[in-house]
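# Observations on chain architecture
Now for the letters of each chain:
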Amino acid sequence: MPITETAGAVERPRFVSGSLLRHVCVMAGTGAIGLIAVFAVDLINLFYISLLGEKETAAAVGFAGVVGFFHASLCIGLTIGIAAVVSRTVGAGRAMDARRIATSSLVLMTAASVVVGSGTAFFLHPALHVLGAEGETARLAQRYLAVTVHTLPLLGLGMACSALLRSIGDARRSMTVTLAAAFVTAVLDPILIFGFGLGLDGAAISAVVSRMVLAGIGLHGVMVKHRMLGRFEAPRLAGDARALASVAGPAVLTNLATPVGAAFVTHAIAQFGPSAVAGAATIDRLSPVAFGLVYALSGAVGPILAQNLGAGQYRRVQEGLRDSLLFMVASVAVAWLVLALGQGVLIRAFSAEGQAAELIALFCTWLAASFFFSGGLFVANASFNNLGHPLLSTFFNWGRATLGTIPFAWWGSHHGAAGVLIGQAVGSSIFGLLAVVVAFRLAAKLARQEPSMKAPALALAPVLDAPVAPTSAHGDAAALATPQPAAVTGPAASAGAP
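Calculation rules
- Residues numbered from 1 in each chain as written.
- Predicted model: local features only at pLDDT ≥ 70, side-chain atom pairs only at ≥ 80, totals over all residues.
- Heavy atoms only, no water.
- Helix = DSSP H or I, 4+ residues; strand = E, 2+ residues; numbered from the N terminus.
- Buried < 20%, exposed > 50% of the residue type's maximum accessible area, 1.4 Å probe, protein only.
- Contact = heavy atoms within 4.5 Å.
- Areas by Shrake-Rupley, 256 points an atom, 1.4 Å probe, with all protein chains shown as cover.
- Axes fitted to C-alpha atoms, helices over the stretch in contact; angles between N-to-C directions.
- Parallel < 35°, antiparallel > 145°, perpendicular 65-115°, else oblique.
- Left-handed = near helix turned anticlockwise from the far one by under 90°.
- Nonpolar A, V, L, I, M, F, W, Y, C, P; charged D, E, K, R; others polar.
- Salt bridge = Lys/Arg side-chain N within 4 Å of Asp/Glu carboxyl O.
- Core = buried A, V, L, I, M, F, W, Y, C linked by side-chain atoms within 4.5 Å.
- Phe/Tyr/Trp six-rings, centres within 6.5 Å; stacked < 30°, edge-to-face > 60°.
- Arc of directions from axis to C-beta.
- Expected span 1.5 Å × (residues − 1).
- Patch = residues over 30% accessible without salt bridge, like charges linked within 9 Å, V, L, I, M, F, W, Y side chains within 5 Å.

Attention now goes to the overall build of the protein chain. Summing up its helical and strand segments, the protein chain has 18 helices and 2 strands in all. In the protein chain, which comprises 498 residues, the proportion classed as buried is 57%. By sequence separation, contacts in the protein chain at least 24 residues apart represent 84% of the contacts at least 6 residues apart. Total accessible area on the protein chain stands at roughly 19100 Å², and carbon and sulfur atoms take up 70% of it.

If you want it as structure tokens, here you go:
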């Protein structure tokens with residue numbers, strides 16, 4: 001659904017009517033394909049590197065992946081803010097403001113990713129040392145990252161454009177953005193790694209080209225296909241930044257919690273040798289591919305909940321949360337079954353031996369079940385971020401990454417590498433369950449605020465922890481959460497087209 005006006009009115013937002021379960025399935029399904037494509041890039045890299053038969057090289061990819069995880073988490077947090085604010089603006093029928101915020105979001109994403117990406121290059125050696133990388137493994141990981149960290153702005157732009165497309169309901173094109181990038185990696189990896197004999201350097205070059213494709217296709221969809229970008233208004237950038245930061249700030253902190261926990265787990269496993277690190281790296285890259293539907297729910301549910309919040313349909317918000325949890329449970333059950341039955345194939349495919357093979361088998365057989373609770377946390381985080389309570393998302397994610405990871409993984413480390421992963425799974429499950437309970441209570445409270453058909457038409461705006469996006473100079477100053485007419489006429493509807 002492009003942000004356009006027809007006959008002087010803004011098109012009706014896509015998610016405020018129709019089957020919520022269908023919206024969840026379509027958005028999560030297409031989003032999963034795109035998200036799996038993003039994570040498949042790393043999995044494909046690891047697969048081809050594993051064929052070289054060098055444990056140090058495979059371990060180096062694992063350590064580099066933890067650093068890359070921090071970068072990706074920053075971008076994901078920013079895209080959560082972008083999708084939430086733009087979706088609410090679209091749901092409230094404010095097309096001009098949506099365009100302006102979209103433009104500001106790309107500028108802010110580029111600036112942040114340049115600083116973080118290139119800034120990381122100065123701290124690669126100490127960062128890898130803290131993670132436990134030593135000797136040849138550390139040298140290889142640093143060489144790989146020295147190439148990829150400077151292209152973080154390309155990754156950020158591509159992900160931001162994908163979020164903008166999701167915010168208006170174009171799930172198919174959002175999927176295409178990331179799917180094309182994964183296809184490029186799948187083609188280039190064997191050519192560069194084996195054909196030209198570049199090894200790990202070839203994998204790094206392939207990742208750079210993939211990010212260029214990701215950004216290029218994303219910008220084409222946003223700028224050409226949907227014309228979502230308005231003129232850049234420097235005086236309004238600070239206001240837009242505050243609105244985006246109200247969600248993106250806590251979301252970034254929330255998403256950074258996951259790599260912090262992963263860094264501790266990697267450090268704990270490093271003491272058991274390169275084989276254990278290689279096994280954990282395989283699991284880290286296999287999980288988001290196997291559970292792509294679950295990971296995609298964070299981005300898929302957000303626009304659905306946000307549009308209905310912007311339109312004042314609070315009961316549909318509650319129903320959307322319920323349908324998302326049902327979808328998650330079914331997805332995890334299927335993925336767990338596939339992993340359990342196909343674990344032998346996976347172990348052989350990644351040339352895993354010794355501890356690496358044991359860890360992969362443990363994950364596929366038992367630990368995959370923890371995604372019932374991790375998936376609940378993903379859905380709960382999406383509801384917190386898009387319903388005006390992003391600090392709750394931050395609280396639960398950091399709780400899982402610290403209290404739910406460090407003591408449990410530390411205890412497990414006394415029982416070997418497998419104990420580290422078991423402890424991590426147990427701790428994260430506890431926080432996932434608590435987050436789901438809180439999310440349902442908030443949704444129920446919000447649903448009670450929606451007036452009945454017999455009540456006055458004016459709905460009460462829900463109380464939000466974070467401020468909403470500022471309107472344009474011509475727009476209504478009402479908050480995004482306040483229901484707006486589906487059709488907006490006059491300057492606010494027609495001005496600002498790119």
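What follows deals with the packing of helix H2 (residues 55-91) against helix H10 (residues 274-290). In the contact formed by H2 and H10, the axes pass within 8 Å of each other and the chain directions differ by 50°. One way to sum up the angle between H2 and H10 is to call them oblique. The element H2 and its partner H10 pack so that their crossing is left-handed. The residues of H10 that touch H2, namely those facing Lys55, Ala58, Ala59, Val61, Gly62, Phe63 and Gly65, are Pro274, Ser275, Val277, Ala278, Ala281 and Arg285. For the contact of H2 with H10, the per-class residue count stands at 8 nonpolar, 3 polar and 2 charged.

Inspection of every chain in the model, using the stated rule, returns 8 salt bridges. Notably, a salt bridge pairs aspartate 240 with arginine 100, separated by 2.8 Å at the nearest N-O pair. Here aspartate 240, found in helix H9 (residues 234-270), pairs with arginine 100, found in helix H3 (residues 95-120); they are 140 residues apart in sequence, far enough to count as distant. Two residues, arginine 139 and glutamate 136, come together in a salt bridge whose shortest N-O distance is 2.5 Å. Of this pair, arginine 139 and glutamate 136 both sit in helix H5 (residues 135-148), 3 residues apart, which is roughly one turn of that helix. Judged by relative accessible area, arginine 139 falls into the partly exposed class, the value being 41%. Each of Arg94, Asp97, Arg100 and Asp240 takes part in a single network of salt bridges with overlapping partners.

Looking now at the nonpolar core. Here is a general trend for soluble globular proteins: nonpolar side chains tend to be buried in one another's company. Grouped together as the largest cluster of nonpolar side chains are 96 residues, with contacts concentrated most on Phe291 and Phe363. The dominant element in this core, judged by the number of residues it contributes, is helix H12 (residues 314-349), at 11 residues. The residues contacting phenylalanine 291, other than those within four sequence positions of it, are Val332, Ala335, Trp336, Leu339, Phe363, Ala368 and Phe371. The next biggest cluster of nonpolar side chains, apart from the first, holds 35 residues, and it includes Ile80, Val85, Val90 and Leu229.

Turning our eyes to something else, we now look at the environment of valine 24. By the secondary structure assignment, valine 24 is in helix H1 (residues 20-50). Look at valine 24 and you get buried, because its relative accessible area is 1%. Residues valine 24 and proline 303 lie 279 residues apart in sequence; the distance between their C-alpha atoms is 10.0 Å. Those residues in contact with valine 24 that sit more than four places away from it in its chain are Gly29, Leu297, Ile304, Gly320, Ser324 and Phe327.

By secondary structure assignment, the location of glycine 376 is in helix H14 (residues 371-386). Taking relative accessible area as the criterion, glycine 376 reaches 1% and is therefore assigned buried. The residues touching glycine 376, leaving out its near neighbours within four places in the chain, are Leu325, Met328, Gly432 and Val436.

Applying the stated criterion across every chain yields a total of 9 aromatic pairs. Their ring planes at 70° and their centres at 6.0 Å tell us that tyrosine 48 and phenylalanine 194 sit as a pair that is edge-to-face. Remark: phenylalanine 194 occurs in helix H7 (residues 171-195) and tyrosine 48 occurs in helix H1; sequence separation between them is 146 residues. Using a relative accessible area of 17% as the deciding quantity, one classes tyrosine 48 as buried. Relative to phenylalanine 396, the ring of phenylalanine 384 lies with its centre 5.9 Å away and its plane at 15°, an arrangement referred to as stacked. Here phenylalanine 384 is found in helix H14, whereas its partner phenylalanine 396 is found in helix H15 (residues 390-401), with 12 residues between them in sequence. With relative accessibility at 5%, the residue phenylalanine 396 sits in the buried group. Through successive ring pairs, a cluster of aromatic residues spans Phe47, Tyr48, Phe194 and Phe350.

Okay, helix H4 (residues 124-131) next. Regarding H4, the residues found buried are Leu124, Leu128 and Leu131. Looking straight down H4, one finds its buried side chains confined to an arc of 55°; they lie on one side. Facing away from the buried side of H4, by more than 90 degrees, are the exposed residues His125, His129 and Val130. Buried-residue contacts for H4 involve H2, H3, H5 and H9. Phi for glycine 132, located one or two positions after H4, is positive at around 105°.

Moving on, we come to H15. For H15, built from 12 residues, the straight-helix expectation of 16 Å at 1.5 Å per residue is met to within 8% by its first-to-last C-alpha distance of 17 Å. Taken as a whole, H15 has its buried residues at Pro390, Ser393, Thr394, Phe396, Asn397, Gly399, Arg400 and Ala401. On its buried face, H15 sits against H9, H14, helix H16 (406-413) and helix H17 (417-447).

Once that is clear, we can look at a nonpolar patch on the surface. On the surface, a cluster of nonpolar side chains totalling about 570 Å² of accessible area is made up of Phe183, Val187, Ile191, Phe196, Leu198 and Ile205. If you tally residues by element for the nonpolar patch, the top one is H7, at 3 residues. If you trace the backbone, isoleucine 205 turns up in helix H8 (residues 200-225). When its relative accessible area of 38% is taken as the criterion, isoleucine 205 is described as partly exposed.

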